[in-house]
Amino acid sequence: MDHELWEAIQGNSERAFAALFHRYSAKIYSTAYSYIRDSVVCEQIVHDIFITLWSGRHTLQVQSFKAYLTSAARYRVYKHMATSKIYPIDYKESMEDGFYEDCTSQNEGYNNLINKEMELEVDSYLAHLPQRCRQIFLMSRRQFLSNEEIANELGISKRTVENQITYALRHLRFSLKDVSVILIILEGLSRLNS
């Protein structure tokens, strides 16, 4: 049982610590990887969590290892994302084996803030596009107008609209290093097509 392992760890048992590490390290890694997608960083997160656990074994008050490790993993992931300017696309509420079973709330304020920051970043790259190209792209992605509606409103051909949107997307793909922003743009496409 986890509490027995924890008591042994508090008594400086390296064997108990190794058992706890083997029990939870893969779960922490998969949680981190679902957000970050960088195996080296995820391994470092796992090691950092367990180093903190070992070094604080005499002072930490751990009631539930699942809850503690879930919180620690989330904290490390979001800390890494904040320092690396990596933004998550979706919030994971649960994993396949109930790893997050005790967690039930979403942080809507954080999600809104991240979405606003990403929108501002996209806008800064769009500012480098020619005015007509930017206008067509925004009509497509923000006003959710079809290519035909844009062509009719601006008095240009549908093919010209398609070319300008393709040019804008190519510019954004080249300019943006964060794939999540591209996914948000593509989400706008799926709304348009549905």
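**Q** Help me out: how do you make sense of the overall build of the protein in this one?
**A** Broken down by element type, the protein carries 9 helices and 0 strands. Starting at the N terminus and ending at the C terminus, the protein contains elements arranged as α-α-α-α-α-α-α-α-α. Per-residue burial for the protein yields a buried fraction of 37% across its 194 residues. A separation threshold of at least 6 residues defines the contact pool for the protein, and within that pool the share at least 24 residues apart is 58%. Entry remark: accessible area of the protein is about 11,700 Å², with carbon and sulfur atoms responsible for 51%.

**Q** Mind showing me how you'd approach the environment of Y75 here?
**A** Relative to the elements of secondary structure, Y75 occurs in helix α4 (residues 65–84). Under the relative-accessibility criterion, Y75 is labelled exposed at 53%. C-alpha separation for the pair Y75 and I45, spaced 30 residues apart in sequence, amounts to 9.8 Å.

**Q** Help me understand the packing of aromatic side chains, please; the structure alone is not making it clear to me.
**A** Each aromatic ring pair is summarised here by two numbers: the centre-to-centre distance and the angle between the ring planes. One pass over the full model with this rule turns up 5 aromatic pairs. Look at F21 and F50: their rings are 4.9 Å apart centre to centre, the planes differ by 70 degrees, and that puts the pair in the edge-to-face class. Remark: F50 occurs in helix α3 (residues 39–55) and F21 occurs in helix α2 (residues 14–36); sequence separation between them is 29 residues. The exposure class of F21 is partly exposed, given its relative accessible area of 22%. Ring pairs connect the aromatic residues F17, F21, F50 and W54, which therefore count as one cluster. Here the basic side chain of R57 rests over the ring of W54, its NZ or CZ set 3.8 Å away from the ring centre.

The rules we used
Residues numbered from 1 in each chain as written. Predicted model: local features only at pLDDT ≥ 70, side-chain atom pairs only at ≥ 80, totals over all residues. Heavy atoms only, no water. Helix = DSSP H or I, 4+ residues; strand = E, 2+ residues; numbered from the N terminus. Buried < 20%, exposed > 50% of the residue type's maximum accessible area, 1.4 Å probe, protein only. Contact = heavy atoms within 4.5 Å. Areas by Shrake-Rupley, 256 points an atom, 1.4 Å probe, with all protein chains shown as cover. Phe/Tyr/Trp six-rings, centres within 6.5 Å; stacked < 30°, edge-to-face > 60°. Lys NZ or Arg CZ within 6 Å of the ring centre and 35° of its normal.

The analysis is restricted to geometry; functional conclusions fall outside its scope.
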